[in-house]
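Reading the structure
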Amino acid sequence: DAMVIQNPRYQVTQFGKPVTLSCSQTLNHNVMYWYQQKSSQAPKLLFHYYDKDFNNEADTPDNFQSRRPNTSFCFLDIRSPGLGDAAMYLCATSRGGQKTETQYFGPGTRLLVL
Amino acid sequence: KQEVTQIPAALSVPEGENLVLNCSFTDSAIYNLQWFRQDPGKGLTSLLLIQSSQREQTSGRLNASLDKSSGRSTLYIAASQPGDSATYLCAVTLNDYKLSFGAGTTVTVRA
């Protein structure tokens, strides 16, 4: 089945130690998104790629970076995680081109910062 | 800035009761509205998508209505089951393909 895959599902890191979260998709979608969701809060968009074009949200901290080496993969890099970065990180994709389409979400990676 | 609100934050009902979940948004200039389901520790699953030109969408026991002019949507789940226990989030699509989410309503269906 075509899907959005996130690895790992759980990630534990130390305060200040760089960490990378991975997302891959078999849907061949043009757009890939990264969201941060803290407990009992709405998912918050960090950034998205339309093909190779990177779009950063104005309030996304500089500590968060992203890479999209090809259509299928997208990475979220947290350069120096703080305790406040502990959250669920959700990757999503959409076909792109129409504002009326839905987004497809992966299962998420839960990040714990010690 | 678009704000999406879901009230109540949590809801508990006995099995068999109909569920009514509410979503309100401040800016009516939306392209569509979606309802998602999120199980504990999991990602989001899209349930229904209502285009801005539509009034409602139905899928099985689920029915979602949209009143764009008043900034409201309602998700109805008929004859609730314990398997319906989850968090339900609504989201509106703005320009540039972005979604603006509510914080969700956590539903518990008691057997």
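Details of the structure are given in the entry above.
The structure contained in this document is the topic of the report that follows.

This part is about the sheet that holds strand 8 (residues 73–78) of chain A. Backbone hydrogen bonds are what pair the strands of a sheet, in a parallel or an antiparallel way. Residues and elements named next belong to chain A. Strand order in this open sheet of four strands is 1-3-8-7, and the pairing throughout is antiparallel. Two strands close off the open sheet at either side, each with one partner strand: strand 1 (4–7) and strand 7 (64–67). Between one strand axis and the next, the sheet turns by 20° as a mean value, whatever way the strands run. As paired strands, strand 7 and strand 8 are joined by four bridges and run antiparallel to one another. From the neighbouring strand, Arg-67 faces strand 8, where its bridge partner is Phe-75.

What follows concerns the state of the cysteines. All names here are of chain A. Taken as a whole, this structure holds two disulfides over all chains when the rule is applied. Between the sulfur atoms of Cys-23 and its disulfide mate Cys-91 the distance is 2.0 Å. Where Cys-23 bonds to Cys-91 through sulfur, the torsion about that S-S bond is close to -75°, and the disulfide is left-handed. Of the two residues, Cys-23 is situated in strand 3 (residues 19–25) and Cys-91 in strand 9 (residues 87–94); the sequence distance between them amounts to 68 residues. By relative accessible area, Cys-23 is classed as buried at 0%. Cys-91 gets classed as buried once you look at its relative accessible area, which sits at 0%. You can see Cys-74 has no disulfide; the closest cysteine sulfur is in Cys-91, sitting 6.1 Å from it. You can call Cys-74 buried: its relative accessible area is 1%.

The next thing to look at is the packing of aromatic side chains. In the structure shown here, the tally under the stated rule is 10 aromatic pairs over all chains. Relative to Phe101(B), the ring of Tyr35(A) lies with its centre 5.7 Å away and its plane at 90°, an arrangement referred to as edge-to-face. Taken together, the residues span two chains, with Tyr35(A) in strand 4 (residues 31–37) and Phe101(B) in strand 10 (residues 99–101). Judged by relative accessible area, Tyr35(A) falls into the buried class, the value being 0%. Taken together through their ring pairs, the aromatic side chains of Tyr33(A), Tyr35(A), Phe105(A), Phe36(B) and Phe101(B) make up a single cluster.

Parameters and conventions
Residues numbered from 1 in each chain as written. Chains lettered and ligands numbered in written order. Predicted model: local features only at pLDDT ≥ 70, side-chain atom pairs only at ≥ 80, totals over all residues. Heavy atoms only, no water. Pairing = 2+ DSSP bridges. Helix = DSSP H or I, 4+ residues; strand = E, 2+ residues; numbered from the N terminus. Axes fitted to C-alpha atoms, helices over the stretch in contact; angles between N-to-C directions. Disulfide = S-S within 2.5 Å. Buried < 20%, exposed > 50% of the residue type's maximum accessible area, 1.4 Å probe, protein only. Phe/Tyr/Trp six-rings, centres within 6.5 Å; stacked < 30°, edge-to-face > 60°.

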